[in-house]
Amino acid sequence: KQEVTQIPAALSVPEGENLVLNCSFTDSAIYNLQWFRQDPGKGLTSLLLIQSSQREQTSGRLNASLDKSSGRSTLYIAASQPGDSATYLCAVNGSGRRALTFGSGTRLQVQP
Amino acid sequence: EPEVTQTPSHQVTQMGQEVILRCVPISNHLYFYWYRQILGQKVEFLVSFYNNEISEKSEIFDDQFSVERPDGSNFTLKIRSTKLEDSAMYFCASREDSSDFNEQFFGPGTRLTVL
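Quick notes on the rules
- Residues numbered from 1 in each chain as written.
- Chains lettered and ligands numbered in written order.
- Predicted model: local features only at pLDDT ≥ 70, side-chain atom pairs only at ≥ 80, totals over all residues.
- Heavy atoms only, no water.
- Phe/Tyr/Trp six-rings, centres within 6.5 Å; stacked < 30°, edge-to-face > 60°.
- Helix = DSSP H or I, 4+ residues; strand = E, 2+ residues; numbered from the N terminus.
- Buried < 20%, exposed > 50% of the residue type's maximum accessible area, 1.4 Å probe, protein only.
- Lys NZ or Arg CZ within 6 Å of the ring centre and 35° of its normal.
- Contact = heavy atoms within 4.5 Å.
- Buried area = accessible area lost by both parts, 1.4 Å probe.
- Salt bridge = Lys/Arg side-chain N within 4 Å of Asp/Glu carboxyl O.
- Polar contact = N/O pair within 3.5 Å; in protein donor to acceptor, adjacent residues only side chain to side chain.
- Nonpolar A, V, L, I, M, F, W, Y, C, P; charged D, E, K, R; others polar.

**A word on the packing of aromatic side chains**
Then, in step 1: Scanning all chains against the criterion turns up 14 aromatic pairs over all chains.
Then, in step 2: Between Y31 of chain B and Y50 of chain B the ring centres are 5.1 Å apart and the planes differ by 25°, which places this aromatic pair in the stacked class. Of the two residues, Y31 of chain B is situated in strand 4 (residues 31-37) and Y50 of chain B in strand 5 (residues 43-50); the sequence distance between them amounts to 19 residues.
Then, in step 3: With relative accessibility at 2%, the residue Y31 of chain B sits in the buried group.
Then, in step 4: The class of Y50 of chain B is partly exposed, set by a relative accessible area of 31%.
Then, in step 5: Site record: aromatic cluster; members linked through ring pairs are F36 and F102 of chain A together with Y31, Y33, Y35, F45, Y50 and F106 of chain B.
Then, in step 6: In this structure, R95 of chain B is placed above the aromatic ring of Y31 of chain B, and the distance from its NZ or CZ to the ring centre is 4.1 Å.

**Considerations on the interface of chain A and chain B**
Then, in step 1: At the junction of the two partners, chain A supplies 25 residues and chain B supplies 23 residues.
Then, in step 2: Of the roughly 2000 Å² buried between chain A and chain B on both sides combined, carbon and sulfur atoms contribute 46%.
Then, in step 3: For the chain A face of the interface with chain B, the top three residues by lost area are R97, R98 and F102 of chain A, together amounting to 31%.
Then, in step 4: In this assembly, chain A and chain B are joined by zero salt bridges.
Then, in step 5: Counting the contacts that link chain A with chain B gives eight residue pairs in polar contact (both at pLDDT 80 or more).
Then, in step 6: Contributions of two or more residues to the side of chain A that touches chain B are made by strand 4 (30-38), strand 5 (44-51), strand 9 (86-94) and strand 10 (100-102) of chain A.
Then, in step 7: In terms of residue count, the dominant contributor to the side of chain A that touches chain B is strand 4 of chain A (five residues).
Then, in step 8: Residues belonging to the side of chain A that touches chain B are distributed by class as follows: nine nonpolar, 12 polar and four charged.

Shape descriptors only; they carry no functional weight alone.
Structural data, given as structure tokens:
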């Protein structure tokens, strides 16, 4: 059974810092991995999708990497802003269950 | 840009009542999902639906749940006799086709509160 773990659970940084969020998964047989943003009480905003054959994807200040063989992904946020404050979720689409398995998320607070 | 929509945004119901949560997937998408997120917990898969039948369901999706595509646009989740522990945010998602490499697009969610 696929398990997805995100570290750290919470993170507080001053504005302008570069930061890295970590995601690990137990079964490397995945089709793809998605990073989402979730504001309190709100829905899921898709940030980046990485296919299993890809190593990284970039969108603006966000860069996600994938090391499928070691079961790890990182989300790098450059020059963080207070508006980046949210919970960031990692989800993998695996070959066992044909649906997304989510991590618990990292709650990010960027201090102005 | 096409998007998944869900109604209502918030539903309050009494324990034991039936509720129907509605979703309109992206129009050319063929694969549909329901997920739920209990407050403070992970997003969990409930069920997937393809070609007018359930493709896969989780252990959470027991006999009190059912899904239907009553017409060409709506995709519904029915909870027959709600319990307090059904209180959660319910997300609908759709995917273009049966390829597992395609992205799932999520709706904004329906917050269900069972009193």
